[in-house]
Amino acid sequence: MSGRPEDVDVAFAFLVAAVLAWLLVPLAERLARRVGALDYPNERSIHSEPTPKLSGLAILIAVLVAGYLFLPWVPLTRAVLAGAIVIAVVGAIDDLFDLPAALKLLGQTAAAMFPVFNGVQVANFTLPFVGRVELDSVELFHAPLVGQVHLGHLLTVIGIVVVINIVNLIDGVDGLAAGVCVIAGATLAIVAVSLERTSAGVLAALAAGGALGFLRHGFPPASSFMGDTGSNLLGYLLGVVAIQGALKTNAVIALFFPLVILAVPLLDTGFVIAKRIKYRQPIYRADSWHFHHRMANIGFSQRRTLAYLYGWTLVLALLALALRFVPYSDDHGNFDALWTAVMIVFLLAAAAASVYLVVTLEILKLRTTRFRQLLGARGRPPDEAEVDAGVARELETGTFETVDPQTGEWSAVDPETGEFEAVRPPPG
């Protein structure tokens, strides 16, 4: 299509992408089995059977077809979709051959450069008490093929690559990354349309629809995984939308939309990277410190884990929508008392959900589990100070211990090796 898309095209793009992805995933599964792109269970895995992992190709085709139908066929659209092809190909090669981290990063950067050097960049923004910050006025260097590189180019490429890896890192339990991307993509689409960025809204709808179509097959027990092919692609699309749809506006609050909507994967990634740095491990090394691993370690099923993390993401997405649509301020420093109170309710709800998941599920639930395990192993109530000290040690190190009720032997997943092994003799 040509010209500016209509708001209704956002809904049609979502539906077409969802249906196409849903229909094409079985074909991608067959291809994955034929070429040997299977995810075999290991010590970090939650699944127990070899599972095809190229279903991201179905999402790619759905995005390309729906994008051709509902996006204006201009150089920017062609650049964005070209970048989508590049990032999906990089992911597919990684799914097949397990690329080194440096090569994956290089491929992600190359893909991000397509939209950035064709107009999708943060050239300037406004900060409270600072004023307008011009990024495109800071020239860094001249590069072959792309020409002059400004600070805005560099920061935007980094931002898109960060979002790609955030989505990739949470793709560790059936349906988690896809479900989060459905919620995030749909929310970004609504925000983009409200800011009259309809093309960005269509692109967000493509990401949400493609993820939803895959989720029909990827919800536990999953028949296939989207692999790095899909997680990289969805992260790329959400990163581009965040820049094209929200950050390019002059509204100060628009700076925070992507941060709020993607808060759950951002927090998860930040937590994991902090742990890896603390224990002097490479930040790209896989481990069992993600939220979903920690929930599994304290007894959550995959579906219960998804329910909690989907719910948390949805609450934060509602907060982002409230920031956009609740008229609590006239943008000149004047606040409406009633609507400000409504906004405070949304903020408190989001804070309460975050505290509940991070504190209650990680500490109080774990404390109860450990108390019951020690009671069963010893036949008498354990000392509460011992339980508290053990829980604090587990949350600090990421090593989650368990005790066999028959033998009383303690064992745990070692954070250094990722292996499940005995760590000390039976208690008491």
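Residues numbered from 1 in each chain as written. Predicted model: local features only at pLDDT ≥ 70, side-chain atom pairs only at ≥ 80, totals over all residues. Heavy atoms only, no water.

K.L.:
It is not clear to me how the nonpolar core should be interpreted in this structure. Could you clarify?
P.N.:
The tendency in soluble globular proteins is for nonpolar side chains to be buried as a group. Residues Ile160, Leu203, Leu206, Tyr236 and Leu238 are the most contacted members of the largest nonpolar core, which totals 80 residues. For Tyr236, the contacting residues outside a window of four places in its chain are Ala79, Val80, Gly83, Ala84, Ile87, Ala111, Ala112, Pro115, Ile160 and Ile164. (Core = buried A, V, L, I, M, F, W, Y, C linked by side-chain atoms within 4.5 Å. Buried < 20%, exposed > 50% of the residue type's maximum accessible area, 1.4 Å probe, protein only. Contact = heavy atoms within 4.5 Å.)

K.L.:
Whenever I open this one, helix α3 (residues 75–97) confuses me. Can you help?
P.N.:
An α-helical turn contains 3.6 residues, so any two residues separated by three or four positions project in the same direction. Taking 1.5 Å per residue as the helical rise, α3 with its 23 residues ought to reach 33 Å, and the 33 Å between its terminal C-alpha atoms agrees with that figure. At the C-terminal side of α3, Asp98 shows a positive phi close to 60°. (Helix = DSSP H or I, 4+ residues; strand = E, 2+ residues; numbered from the N terminus. Expected span 1.5 Å × (residues − 1).)

K.L.:
Is there a simple way to think about the packing of helix α1 (residues 7–35) against helix α7 (residues 198–218) in this case?
P.N.:
In helix packing, the relevant descriptors are the interaxial angle and the interaxial distance, both defined with respect to the helix axes. Orientation of α1 relative to α7, taken along the N-to-C sense of each, is 30°, at an axis distance of 7 Å. Crossing geometry of α1 relative to α7 is assigned as right-handed. Of the residues assigned to the contact of α1 with α7, the class counts are 15 nonpolar, 6 polar and 4 charged. (Axes fitted to C-alpha atoms, helices over the stretch in contact; angles between N-to-C directions. Left-handed = near helix turned anticlockwise from the far one by under 90°. Nonpolar A, V, L, I, M, F, W, Y, C, P; charged D, E, K, R; others polar.)

K.L.:
Can you walk me through the pattern of salt bridges in this structure?
P.N.:
Think of it this way: side chains of opposite charge can pair up when their charged atoms draw near. Following the criterion strictly, the structure yields 1 salt bridge and no others. Taking the shortest distance from any N to any O, the salt bridge between Asp94 and Lys104 comes out at 3.7 Å. In this pair, Asp94 sits in helix α3 while Lys104 sits in helix α4 (residues 101–116), placing the two residues 10 residues apart along the sequence. (Salt bridge = Lys/Arg side-chain N within 4 Å of Asp/Glu carboxyl O.)

K.L.:
Any chance you could explain the environment of Leu27 here in plain terms?
P.N.:
Here Leu27 shows up in helix α1. Among the residues examined, Leu27 registers a relative accessible area of 47% and is labelled partly exposed. Sequence spacing of Leu27 and Leu54 is 27 residues, and the spatial spacing of their C-alpha atoms is 9.8 Å.

K.L.:
Mind showing me how you'd approach the environment of Ser199 here?
P.N.:
Residue placement: Ser199 occurs in helix α7. For the pair Ser199 and Pro5, spaced 194 residues apart in the sequence, the C-alpha separation amounts to 6.4 Å. Among residues more than four places away in sequence, those in contact with Ser199 are Pro5, Leu71, Pro72 and Gln244.

K.L.:
Just to check I follow, could you spell out the environment of Val90 for this structure?
P.N.:
Relative to the helices and strands, Val90 resides in helix α3. Remark: the alpha-carbon pair of Val90 and Leu233, spanning 143 residues in sequence, is separated by 9.6 Å. Look past the residues within four positions of Val90 in its chain and what remains in contact with it is Leu99, Lys104 and Gly107.

K.L.:
Help me understand the packing of aromatic side chains, please; the structure alone is not making it clear to me.
P.N.:
The geometry of an aromatic ring pair is captured by the separation of the ring centres together with the interplanar angle, meaning the angle of the planes. All told, the structure shown has 3 aromatic pairs when counted by the stated rule. Summarising the aromatic geometry, the rings of Tyr68 and Trp73 are spaced 5.2 Å apart at their centres and angled 75° between planes, so their arrangement reads as edge-to-face. The partly exposed category is assigned to Trp73, whose relative accessible area is 37%. For the ring pair Tyr328 and Phe335, a centre distance of 6.3 Å and an interplane angle of 15° mean the geometry is stacked. Arg324 extends its terminal NZ or CZ atom over the ring of Phe325, reaching a point 5.8 Å from the ring centre. (Phe/Tyr/Trp six-rings, centres within 6.5 Å; stacked < 30°, edge-to-face > 60°. Lys NZ or Arg CZ within 6 Å of the ring centre and 35° of its normal.)

K.L.:
Sorry, what's going on with unusual backbone geometry here?
P.N.:
Generally, phi is negative for residues other than glycine and the peptide bonds are trans, each holding for most cases. The omega torsion across Pro220 and Pro221 is 0°, close enough to zero to call that bond cis. Tracing the sequence through the fold places Pro221 in the loop between α7 and α8 (227–247). Positive phi, close to 60°, is recorded for Asp98, a residue that is not glycine. Mapped onto the fold, Asp98 is located in the loop between α3 and α4. Looking at Asp98, the relative accessible area reads 61%, which means it is exposed. Although it is not a glycine, Glu196 sits at a positive phi angle of roughly 60°. Relative to the helices and strands, Glu196 is located in the loop between α6 (176–194) and α7.

K.L.:
How do you make sense of the pairing of strand β5 (residues 139–143) when you look at a structure like this?
P.N.:
On a regular strand, one side chain projects to one face of the sheet and the next to the other, so that they alternate. Relative to strand β6 (residues 147–150), β5 is paired through 4 bridges, and the arrangement is antiparallel. Looking at the pairing, His142 lines up with Gln148 of β6. Once β5 ends, the chain turns through 3 residues before running back antiparallel as β6, passing Leu145 with a positive phi of about 75°. (Pairing = 2+ DSSP bridges.)

The analysis is restricted to geometry; functional conclusions fall outside its scope.
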